[in-house]
Amino acid sequence: MIANTNETRAEYQHVWVVAEVMGGEIQKVTYELLGAARSLAEARKSEVWCVVLGHGVTAQSESLFHGGADVALVVDDEDFAEFVDEDQADVLTRLIREHKPEIVLCGATTRGRALIPRVAVVANCGLTADCTELGIDPENGDLLQTRPAFGGNIMATIRSADHRPQLATVRPRVMNELEPDTSRKGRLIEESVRPGERNGLKKILEVFTDTENAINLADARFIIAGGRGLRGPEGFRMLKDLAERVHGAVGASRAAVDSGWVPYYHQVGQTGQTVQATVYFACGISGQIQHLVGMQSCDFIIAIDKNPDTPLMQLADVAVVGDLFEIIPALIKELPKT
Amino acid sequence: MRIVVCVKQVPGTHDAKIDPETKRIIREGIKAVINPFDTYALEAAVQIKEKHGGEVIVTTMGPPRAVTVLREGITVGADRGVLLSDRAFGGSDTWATSYALAKAVEKIGDVDLVICGKQAIDGDTAQVGPGIAAHLGWPQATYVMDVADITKQEIRAKRMHEDGWDLCSIKLPAVITVVKDINQPRVPTLKGRLAAEEKEIPTWSAEDIGADPVLIGLNGSPTRVVETNPPAGRDKKSVVLNGTAQENVRRLLQELRQRSLV
Ligand SMILES: Cc1cc2nc3c(=O)[nH]c(=O)nc-3n(C[C@H](O)[C@H](O)[C@H](O)COP(=O)(O)OP(=O)(O)OC[C@H]3O[C@@H](n4cnc5c(N)ncnc54)[C@H](O)[C@@H]3O)c2cc1C
Ligand SMILES: Nc1ncnc2c1ncn2[C@@H]1O[C@H](COP(=O)(O)O)[C@@H](O)[C@H]1O
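Keep in mind it's a predicted model, so treat the numbers as computed, not measured.

**Student:** What exactly am I supposed to notice about the overall build of chain B here?
**Tutor:** The helix and strand tally for chain B stands at six helices and 13 strands. Relative to its 262 residues, chain B shows a buried fraction of 55%. Sequence-distant contacts, at least 24 apart, represent 69% of the contacts inside chain B between residues at least 6 apart. Accessible surface computed for chain B: about 11800 Å², of which carbon and sulfur atoms make up 49%. Where the 34 positive side-chain charges of chain B centre and where its 34 negative ones centre are 5 Å apart.

Right, here's the structure in full:
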């Protein structure tokens with residue numbers, strides 16, 4: 001899909017958002033992307049389309065319009081109840097060929113990051129992963145995609161000048177959703193999947209949704225993270241109590257994960273998750289570079305450590321010097337359970 | 001069972017420091033290492049081989065010195081290595097990288113499974129694994145935390161998601177990318193080290209793998225980095241709370257409440 005003459009480029013129009021669907025529900029990141037897509041579409045004088053592949057999702061189109069979509073392009077199909085990336089990629093590629101969007105945005109989630117690279121290869125277009133900033137070049141209308149590289153130590157701006165559409169995955173909790181406007185209306189286009197487009201190479205046998213531990217660190221506003229200073233799993237129970245009181249999620253350093261005090265999916269850092277919370281509250285974490293790269297772009301950083309000279313204490317907006325086993329219980333006492 | 005493991009050489013960050021002025025990683029004097037996620041890919045492949053027989057081939061696309069990561073792969077149980085190295089590969093983005101690796105997999109031939117790491121720590125894109133699968137037209141499973149079972153026809157893999165996991169059965173040949181939970185990589189043995197030193201590792205050029213010159217390197221890369229900058233610095237006045245526990249808690253709550261954070 002190389003479009004390097006201006007005539008072919010002009011055929012590609014509108015900004016698409018690929019909805020993130022989990023358990024039949026359109027996720028928050030979709031609305032964040034709609035917010036970002038609105039400003040891009042305004043700069044390009046085009047429309048925002050939201051593409052939804054899922055089951056039982058058509059009724060949710062209204063809320064997409066309220067969130068900024070002009071068009072909802074919905075493929076509502078039983079087979080999309082679960083995430084079969086090959087099939088979704090096939091269908092998405094076909095929709096792209098048919099409707100020719102100029103820009104396609106998708107959440108940089110485990111699902112989005114599995115799906116979109118396949119589409120990029122088959123549609124032969126450029127893909128920038130994990131963008132944190134998007135803009136339009138005023139000179140030529142290209143999408144300027146900015147992303148952290150090397151764990152956040154460098155911001156790279158990337159362009160895909162000769163290929164359309166321009167694809168990007170965008171980190172959750174980076175873009176702002178619009179205030180829902182319940183008077184906004186949109187167009188619903190329902191597409192069905194024609195037989196023969198499925199290859200049936202993958203079957204989902206079992207799905208486990210972790211509601212108890214359902215932590216989506218990437219989505220959390222408040223993260224209470226613990227490290228070796230917590231000394232054991234009991235320390236993490238204390239953090240969990242604190243996290244519940246501030247409606248936050250529990251994060252961890254690798255030292256804590258490797259000691260078996262918390263499961264891996266709590267790990268923040270180079271070999272864990274990259275987070276972008278409003279508050280990152282680190283308890284007994286020294287802040288080695290591999291940890292910092294995963295959390296340094298959080299808005300407000302608090303650290304508690306006995307040692308005031310650790311890298312994390314230097315980085316923190318509020319550095320609390322002291323014994324966390326005194327400070328956290330005292331803090332818990334002050335914060336009611338809500 | 002023939003398994004190809006794709007590994008990447010990345011700058012090590014074990015003792016990396018951030019330059020306080022430029023906010024960039026100081027790369028001078030940092031030695032290149034195997035991408036940490038790829039050690040889990042290697043271990044997964046070797047475990048499958050040990051259980052079901054077959055062969056593990058480790059491959060990388062990179063400069064000639066990247067051969068060291070292939071030797072590292074052999075020390076922990078890979079049978080042989082293939083280095084993809086050619087000036088024409090220079091400047092490849094993930095599209096072109098996954099194309100070249102897919103062509104290498106085709107040339108190796110009769111491959112049942114390709115295993116990649118979840119992502120490389122320098123680019124952090126996680127695109128190359130699914131890219132290889134798409135170029136080959138094979139199914140995939142990303143963020144695999146457990147291989148429940150594998151036969152000549154299919155693999156059962158547990159994929160990690162933000163909200164839990166799913167177990168899927170995928171027809172082989174296929175591509176999987178693995179996360180850290182999947183295993184505990186073994187430590188190399190002396191025997192492994194000796195085997196690795198002696199091993200002849202062939203270098204394949206773009207022509208050797210039959211790559212279309214238009215699709216590799218800069219030519220084959222739809223994306224271009226137009227600019228790099230240090231991240232926006234934190235404009236902050238940090239507060240150090242150095243009093244008694246009670247005082248510290250009170251001040252901390254003040255800081256949080258001022259910002260309506262609690
Ligand atoms: C390739 C590679 C990848 C890595 N990836 C990651 C990653 O993704 N994430 C990650 O976190 N790490 C990662 N690491 C590990 C990293 O280098 C550090 O080893 C790790 O982050 C240290 O964890 P920590 O801060 O909890 O432990 P420590 O460095 O031991 O820090 C513990 C801190 O707790 C303080 N403390 C102790 N007791 C108390 C108390 N009672 N009250 C208050 N403070 C107390 C201590 O003063 C100290 O500062 C990686 C390493 C490598 C080589
Ligand atoms: N140049 C390369 N050579 C071999 N394998 C690679 C290369 N680049 C990426 N990979 C593989 O693809 C995975 C994901 O890399 P990335 O998409 O760059 O984050 C890595 O963990 C490797 O398994």
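**Student:** Teacher, can you tell me more about the overall build of chain A here?
**Tutor:** On a plain count of helices and strands, chain A comes out with ten helices and 18 strands. A compact globule built from 338 residues should have a C-alpha radius of gyration of about 20 Å, and chain A, at 22 Å, falls within 12% of that. On the principal axes, the C-alpha backbone points of chain A span a range of 65 × 45 × 40 Å. Residue burial in chain A is summarised as follows: out of 338 residues, 64% are buried. Partitioning the contacts of chain A with sequence separation of at least 6, the portion at a separation of at least 24 is 63%. With the model as given, the accessible surface of chain A reaches about 12800 Å², and the carbon-plus-sulfur share is 48%. Between the centroid of the 33 positive side chains of chain A and the centroid of its 47 negative side chains there is a distance of 2 Å.

**Student:** Can you walk me through the interface of chain A and chain B in this structure?
**Tutor:** A common way to report how large an interface is uses the accessible area buried once the components associate. Of the residues lining the interface, 85 residues belong to chain A; the matching set on chain B comes to 80 residues. For the chain A and chain B pair, buried surface summed over both sides reaches about 7100 Å², with 57% attributable to carbon and sulfur atoms. Broken down residue by residue, the surface that chain A buries against chain B is led by A:Arg113, A:Phe150 and A:Tyr264, which jointly contribute 11%. At the junction of chain A and chain B, the tally comes to four salt bridges. Note that B:Glu162 is salt-bridged to A:Arg111, the shortest N-O span being 3.9 Å. Summed over the shared surface of chain A and chain B, the result is 33 residue pairs in polar contact (both at pLDDT 80 or more). At nine residues, helix α5 (residues 110-123) of chain A tops the list of elements feeding residues into the side of chain A that touches chain B.

**Student:** Help me out: how do you make sense of the nonpolar core in this one?
**Tutor:** One broad trend across soluble globular proteins is that nonpolar side chains are buried collectively. Ranked by internal contacts, the top residues of the largest apolar core, which has 49 residues, are A:Ile224, A:Phe236, A:Phe281, A:Ile302, A:Ile328 and B:Leu252. Looking at this core, the element that brings in the most residues is helix α10 (residues 324-334) of chain A, giving six residues. Among the nonpolar cores identified, the runner-up in size contains 38 residues, and B:Ile34, B:Ala44, B:Ile150 and B:Ala157 belong to it.

**Student:** Explain the domain arrangement of chain A to me, please; I cannot follow it from the model alone.
**Tutor:** All names here are of chain A. Domain assignment breaks chain A into domain 1 (6-191) and domain 2 (211-334). Spacing between the C-alpha centres of domain 1 and domain 2 amounts to 32 Å. Contact residues are listed per partner, giving eight residues for domain 1 and nine residues for domain 2. A buried area of about 770 Å², summed over both sides, lies between domain 1 and domain 2, and 42% of it is on carbon and sulfur atoms. The interface formed by domain 1 and domain 2 contains zero salt bridges.

**Student:** Explanation requested: the site of ligand 2 in the structure shown.
**Tutor:** Residue and element names in this part refer to chain B. As a structural note, the neighbourhood of ligand 2 is formed by 18 residues, with Cys6, Asp38, Ala120, Thr125 and Ala126 the closest of them. The contact in question runs from an oxygen atom of ligand 2 to an N or O atom on the backbone of Ala120, over 2.8 Å. Contacts to ligand 2 include Thr125, whose side-chain N or O atom sits 2.7 Å from an oxygen atom. Split into classes, the residues belonging to the shell around ligand 2 amount to eight nonpolar, eight polar and two charged.

**Student:** Can you walk me through the environment of B:Thr97 in this structure?
**Tutor:** Along the chain, B:Thr97 turns up in helix α3 (residues 94-108). Setting aside anything within four residues of it in sequence, one finds B:Thr97 in contact with B:Met61, B:Ser92 and B:Val128.

**Student:** Looking at this structure, how should I read helix α6 (residues 233-245) of chain A?
**Tutor:** It helps to recall that an α-helix has 3.6 residues per turn; residues three or four apart then point in one direction. Residue and element names in this part refer to chain A. Between its terminal C-alpha atoms α6 stretches 19 Å, which fits the 18 Å expected from 13 residues at 1.5 Å a residue. Regarding α6, the residues found buried are Gly235, Phe236, Met238, Leu239, Leu242, Ala243 and Arg245. Buried positions along α6 lie against β14 (222-226), β15 (249-252), α7 (254-258), β16 (279-283) and α10. A positive phi of about 55° marks His247, the residue just after α6.

**Student:** Could you clarify how one ought to interpret the packing of aromatic side chains in this entry?
**Tutor:** All chains considered together, the criterion is met by three aromatic pairs over all chains. Taking 5.8 Å as the distance between ring centres and 15° as the angle between the ring planes, the aromatic pair formed by A:Trp16 and A:Trp49 counts as stacked. With A:Trp16 in strand β1 (residues 15-18) and A:Trp49 in strand β4 (residues 48-54), the pair connects residues that are 33 residues apart, well separated along the chain. A:Trp49 matches A:Trp16 in its accessibility class, with the two residues each being buried. One Lys or Arg, B:Lys107, reaches over the ring of B:Trp204 and ends 4.9 Å from the middle of that ring.

**Student:** Help me understand the site of ligand 1 in this model?
**Tutor:** Residues in close proximity to ligand 1 total 30 residues, the closest being A:Ser253, A:Thr271, A:Ser286, A:Gln290 and A:Asp305. Mapping the residues near ligand 1 onto chains gives chains A and B. A:Arg228 places a polar main-chain atom, nitrogen or oxygen, 2.8 Å from an oxygen atom of ligand 1. Here A:Asp323 contributes a side-chain N or O atom positioned 2.9 Å from a nitrogen atom of ligand 1. At the level of secondary structure, the elements contributing two or more residues to the shell around ligand 1 comprise α7, α8 (289-295) and α10 of chain A. Taken together, the residues that form the shell around ligand 1 break down as six nonpolar, 18 polar and six charged.

**Student:** Got a minute to help me understand the packing of α5(A) against helix α4 (residues 128-136) of chain B in this structure?
**Tutor:** When two helices pack together, you describe them by how their axes are tilted relative to each other and by the distance separating the axes. Remark: α5(A) packs on α4(B), axes separated minimally by 8 Å, with the N-to-C direction vectors making an angle of 45°. For the element pair α5(A) / α4(B), the angle class is oblique. Considering only the axes of α5(A) and α4(B), their crossing is right-handed. Contacts between α5(A) and α4(B) involve A:Arg113, A:Ala114, A:Pro117, A:Arg118, A:Val121 and A:Val122 on the former and, on the latter, B:Pro130, B:Gly131, B:Ala133, B:Ala134 and B:His135.

**Student:** Looking at this model, I keep getting lost on the environment of A:Ala120. Mind explaining?
**Tutor:** Residues and elements named next belong to chain A. Assignment of secondary structure puts Ala120 in helix α5. What makes Ala120 buried here is its relative accessible area of 4%. Along the backbone, Ala120 and Ala168 are 48 residues apart, and their C-alpha atoms lie at a distance of 9.6 Å.

What counts and what doesn't
Residues numbered from 1 in each chain as written. Chains lettered and ligands numbered in written order. Predicted model: local features only at pLDDT ≥ 70, side-chain atom pairs only at ≥ 80, totals over all residues. Heavy atoms only, no water. Helix = DSSP H or I, 4+ residues; strand = E, 2+ residues; numbered from the N terminus. Buried < 20%, exposed > 50% of the residue type's maximum accessible area, 1.4 Å probe, protein only. Contact = heavy atoms within 4.5 Å. Areas by Shrake-Rupley, 256 points an atom, 1.4 Å probe, with all protein chains shown as cover. Lys, Arg positive; Asp, Glu negative; His and termini not counted. Charge placed at Lys NZ, Arg CZ, Asp CG, Glu CD. Rg over C-alpha atoms; globule rule 2.2 N^0.38 Å. Buried area = accessible area lost by both parts, 1.4 Å probe. Salt bridge = Lys/Arg side-chain N within 4 Å of Asp/Glu carboxyl O. Polar contact = N/O pair within 3.5 Å; in protein donor to acceptor, adjacent residues only side chain to side chain. Core = buried A, V, L, I, M, F, W, Y, C linked by side-chain atoms within 4.5 Å. Domains from an automatic or database assignment. Near = heavy atom within 4 Å. Nonpolar A, V, L, I, M, F, W, Y, C, P; charged D, E, K, R; others polar. Expected span 1.5 Å × (residues − 1). Phe/Tyr/Trp six-rings, centres within 6.5 Å; stacked < 30°, edge-to-face > 60°. Lys NZ or Arg CZ within 6 Å of the ring centre and 35° of its normal. Axes fitted to C-alpha atoms, helices over the stretch in contact; angles between N-to-C directions. Parallel < 35°, antiparallel > 145°, perpendicular 65-115°, else oblique. Left-handed = near helix turned anticlockwise from the far one by under 90°.

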